[in-house]
Amino acid sequence: MADSSDEILAGLDRDQSVAVTAPAGPLCILAGAGTGKTRAITHRIAHRVRSGQVRARHVLAVTFTARAAAEMRERLTRLGADGVQARTFHAAALRQVRYFAPRLFSGREMPELLDSKARLVTFAATKAGLKTDREVARDLAGEIEWAKASLIEPDDYAAAAAKALREPPFDAAMVAKVYAQYERAKRAQGLIDFEDMIRAAIWAIEEHSDVAEQVRAQYRHFVVDEYQDVNPMQQRLLDAWLGERDDLTVVGDASQTIYSFTGASASYLVDFKRRHPGATVVRLTRDYRSTPQVVGLANAVISRARGELSRLRLELVGQRPPGPEPTVHTFADEPGEATAVAARCAELIAGGTPAREIAVLFRVNAQSEVYQEALAEAGVPCVLHGTERFFDRAEVREAMIALRAYRGSPADDLVETVHAALERTGWRPEAPPGGGAQRERWEAVTALVNLAEGMPALSLPEFNTELQRRAALQHVPTVEGVTLSSLHSAKGLEWDAVFLVGLCEGTLPVIHARTPDAVEEERRLFYVGVTRARHTLWLSHAAARQPGGRPRRPSRFVPTAAPADPASGAGARYPRRPLDKAAVAGRARRVMAVSCRVCGTGLVNGADRKLGRCATCPSDLDEELLARLLDWRARLAGIQKIPPFVVFTDVTLSAIAERRPARREELAVIAGIGPRKLLLYGDDVIALVGGSSVEALARDRA
Ligand code: ATP
Ligand code: MG
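Read on for an overview of the structure. (Residues numbered from 1 in each chain as written. Chains lettered and ligands numbered in written order. Predicted model: local features only at pLDDT ≥ 70, side-chain atom pairs only at ≥ 80, totals over all residues. Heavy atoms only, no water.)

1. Digging into the site of ligand 1
Part 1 of the argument: As a structural note, the neighbourhood of ligand 1 is formed by 20 residues, with K37, R39, R289, E494 and R532 the closest of them.
Part 2 of the argument: When the residues that make up the shell around ligand 1 are grouped by side-chain class, the tally is 3 nonpolar, 9 polar and 8 charged.
Part 3 of the argument: When residues are assigned to domains, the shell around ligand 1 turns out to be shared by domain 1 (5-93 + 198-282) and domain 3 (313-387 + 482-584), each giving three or more. (Near = heavy atom within 4 Å. Nonpolar A, V, L, I, M, F, W, Y, C, P; charged D, E, K, R; others polar. Domains from an automatic or database assignment.)

2. Focus: the pattern of salt bridges
Part 1 of the argument: Applying the stated rule across the entire model yields 41 salt bridges.
Part 2 of the argument: The partner of E347 in a salt bridge is R344, with the nearest N and O atoms 2.7 Å apart. Of the two residues, E347 and R344 both sit in helix α16 (residues 334-350), 3 residues apart, roughly one turn of that helix.
Part 3 of the argument: Of the charged contacts in the structure, one is a salt bridge between R363 and E522, with a shortest N-O distance of 2.8 Å. Here R363, found in the loop between β12 (358-362) and α17 (368-377), pairs with E522, found in helix α22 (residues 516-530); they are 159 residues apart in sequence, far enough to count as distant. Of the two residues, R363 and E522, both sit in the buried class. (Salt bridge = Lys/Arg side-chain N within 4 Å of Asp/Glu carboxyl O. Helix = DSSP H or I, 4+ residues; strand = E, 2+ residues; numbered from the N terminus. Buried < 20%, exposed > 50% of the residue type's maximum accessible area, 1.4 Å probe, protein only.)

3. Considerations on the packing of helix α15 (residues 292-303) against α22
Part 1 of the argument: Put simply, α15 and α22 touch, their axes get as near as 10 Å, and they point 175 degrees apart. What the angle tells us is that α15 and α22 run roughly antiparallel. Packed against α15, whose contacting residues are V294, L297, A298, V301 and I302, the element α22 presents R523, F526, Y527 and V530 at the interface.
Part 2 of the argument: Of the residues belonging to the contact of α15 with α22, the class tally is 8 nonpolar, no polar and 1 charged. (Axes fitted to C-alpha atoms, helices over the stretch in contact; angles between N-to-C directions. Parallel < 35°, antiparallel > 145°, perpendicular 65-115°, else oblique. Contact = heavy atoms within 4.5 Å.)

4. A word on unusual backbone geometry
Part 1 of the argument: In this model, L508 is joined to P509 through a cis peptide bond whose omega is 0 degrees.
Part 2 of the argument: Positionally, P509 belongs in the loop between β15 (495-500) and α22.
Part 3 of the argument: Although it is not a glycine, L165 sits at a positive phi angle of roughly 55 degrees.
Part 4 of the argument: Structurally, the position occupied by L165 is in the loop between α8 (157-163) and α9 (172-188).
Part 5 of the argument: Residue L165 is classed as exposed on the basis of its relative accessible area of 66%.
Part 6 of the argument: The backbone of E226 shows a phi angle near 55 degrees, a positive value even though the residue is not glycine.

5. Some points on the sheet that holds strand β3 (residues 85-88)
Part 1 of the argument: Pairing in this open sheet of 6 strands is parallel, and the strands run β3-β2-β6-β7-β1-β8 from one edge to the other. With partners counted over all chains shown, the strands left at the sheet margins are β3 and β8 (280-284), one partner each. Between one strand axis and the next, the sheet turns by 15 degrees as a mean value, whatever way the strands run.
Part 2 of the argument: As judged from the 4 bridges shared by strand β2 (residues 59-63) and strand β6 (residues 221-224), these two strands associate in the parallel manner. Bridge pairing in β6 links V59 to H221. (Pairing = 2+ DSSP bridges.)

6. Focus on the environment of R286
Part 1 of the argument: Its place among the elements puts R286 in strand β9 (residues 286-287).
Part 2 of the argument: Spatially, the C-alpha atoms of R286 and T35 are 5.3 Å apart, while their sequence positions differ by 251 residues.
Part 3 of the argument: A polar contact is formed between the side chain of R286 and the side chain of D15, at a distance of 3.1 Å.
Part 4 of the argument: At a separation of 3.5 Å, a polar atom in the side chain of R286 contacts the side chain of Y288. (Polar contact = N/O pair within 3.5 Å; in protein donor to acceptor, adjacent residues only side chain to side chain.)

7. Overview of the sheet that holds strand β14 (residues 482-486)
Part 1 of the argument: Taken together, 6 strands build an open sheet; the order of strands is β11-β16-β15-β12-β14-β13 and the sheet is parallel. If you trace the sheet from one side to the other, it starts and ends with β11 (327-333) and β13 (382-383), each paired once.
Part 2 of the argument: One ladder, built from 5 bridges, connects β15 with strand β16 (residues 533-544); its direction is parallel. If you follow A497 over to β16, its bridge partner there is T536.
Part 3 of the argument: Packed on one face of the sheet, α16 meets β11, β12, β14, β15 and β16 and runs near 160 degrees to β16.
Part 4 of the argument: Running at roughly 170 degrees to β14, α17 makes contact with β12, β13 and β14 of the sheet.

8. Comments concerning helix α7 (residues 134-149)
Part 1 of the argument: Compared with an ideal rise of 1.5 Å per residue, which puts 16 residues at 22 Å, α7 spans 22 Å between its outermost C-alpha atoms and is within 8% of the ideal.
Part 2 of the argument: Every buried residue belonging to α7 is among V136, A137, D139, L140, A141, E143, I144, W146, A147, K148 and A149, and all of these are buried.
Part 3 of the argument: As for α7, its buried residues are in contact with α6 (118-127), α8, α9, α10 (194-207) and α12 (232-242).
Part 4 of the argument: A side-chain oxygen of the first residue of α7 lies 3.1 Å from the backbone nitrogen of E135; this N-cap is D133.
Part 5 of the argument: One or two steps after α7, the chain reaches L151, where phi turns positive at roughly 60 degrees. (Expected span 1.5 Å × (residues − 1).)

So, to be careful, I would describe these as geometric facts and stop short of saying anything about function.
Here it is in structure tokens:
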């Protein structure tokens, strides 16, 4: 921890220092990725707190993702500025509305919060006479969200949508009708949605002077990170918090605007000086995060941007020593891509890169499953949803209870005591074999042990108090594991090695990005991804989703060559590797190895290959065995708290039920059963094939 406010200023360049020491009042930092914006604001907060200019509890720092908020809290704690509230807009509003609920809802608690609009939107659409499917419901919900975040009521929707050049899925009058029905149905059921909750926070301040007074007495200094993504509704909340005051710091980068499809607008950032005439504006251009190789690619990507925001782009200047060129890889299919990524992760970890310094980033969450499976198969631990819910995890709660219940001698060594207490819950110092959810749970509990190792002077009760304090602040310890994240929630974060995967047309840009503006937003999303890497950057795409599937083109954003820059002698090439050697070898091996065991035809389709026969050839599946296998898998997945497909997919279970392997060697040749699964589940499966009941297996294991 920095121990004086001078030390807080020491690690900053001149421009950053100007931002950190600027006097109270409006301040805007306009700067590119990795230039130290978040560093500047956290140092500014710490500097002001530690030099006595402001009280930590009077500062509210807001950002857009729970991960970024957690990261900010962590940085603030390291700088000795504990007690500052760092939250997402959502979390800050929710806390406020909950607290004031009895005053706002005539003595009642806050109404129930709707976590997805899908059901009510479908209902409203049907009432309005539309036939819907999931996609239509999603598009309609998107329009309603955009309208609500833009503070547009149903009656004004049609005009506003035309003005904003929206491309609604139906005639605007029809969307407005669905929107009105949705609002009616929601009210009738006594529910509120996400936007209503933020509106309630605004209205609480605007309409209730006592609430306004109390909120404004609590929060006096405001900081907003990633301000380019603020929407009119959030801006109105910020204005309500501020009232007549102006102690506001905002930072942002127009080239990283990735939420405008939901109503966010970089105009608040760009026009900050106009709204706050006395504002100090600071610009940063030196990139401290990434190697010149990564910076070169980032500049090349954003130099191709078009449209209004592209005029605001900033050329980054890399400050770090050189590193490897980013690499571009093409695979035959997604499982092949995922296997190669997992293998490379394992290599990096073996070479000394900590797993927590690696991230695999994708455009849509559905892409994560295949990576989860591949990493588990390669024995690499991974962290799926980030760390924001760490203290809510069942195993962490259980561990904390065990620590509180443990009675040892006060003189005992903290680390030994923590070990002893946790071993009673079944935790062991050695990692369980392989990856998957079991490993994820082990890593979470081990993070508590690592924390204890960092504070050996504490007694157990003191350590427990520390854990509780951290839980209240959501100050999460570092969990070991490769991060799997969407590009959207990776914003603001950084890793030594970043894998940008699934880079094909239809995924990035995503298929529903139909307008030029929407495509530009996808380009910025790719730019956000590229600029997350400190050192190693891998870009890949798979020709087909499934083995033998329809080929897809690589993403238009992946440059094959950076624009030549004679001045810097750059012009680095990013050759596309036609087909990764490993992938080709992998595909060739699989295609040769698997042919239909009924008719002998070579199998190319993934599901057929797992089954070991053409889907159209007659099946000799043992239905009774399949039922037992499914039952066994369900129980195991339940016990280990992992999705069933991580144990075995349906197709693999069907293949087992058809082929009834009596020995390990016969089991091993079934596609989808690697050495790790053989080790973990081989005995169980063979026992089941041999006629054992699921109950008998469970008894044996116990
Ligand atoms: P993004 O736009 O992605 O949110 P950012 O502008 O907020 O990026 P930071 O995350 O604050 O950038 O900083 C990027 C990295 O550079 C961090 O690891 C940070 O510690 C480091 N860094 C920033 N400024 C300096 C500096 N003056 N000296 C050394 N390292 C620095
Ligand atoms: Mg940042």
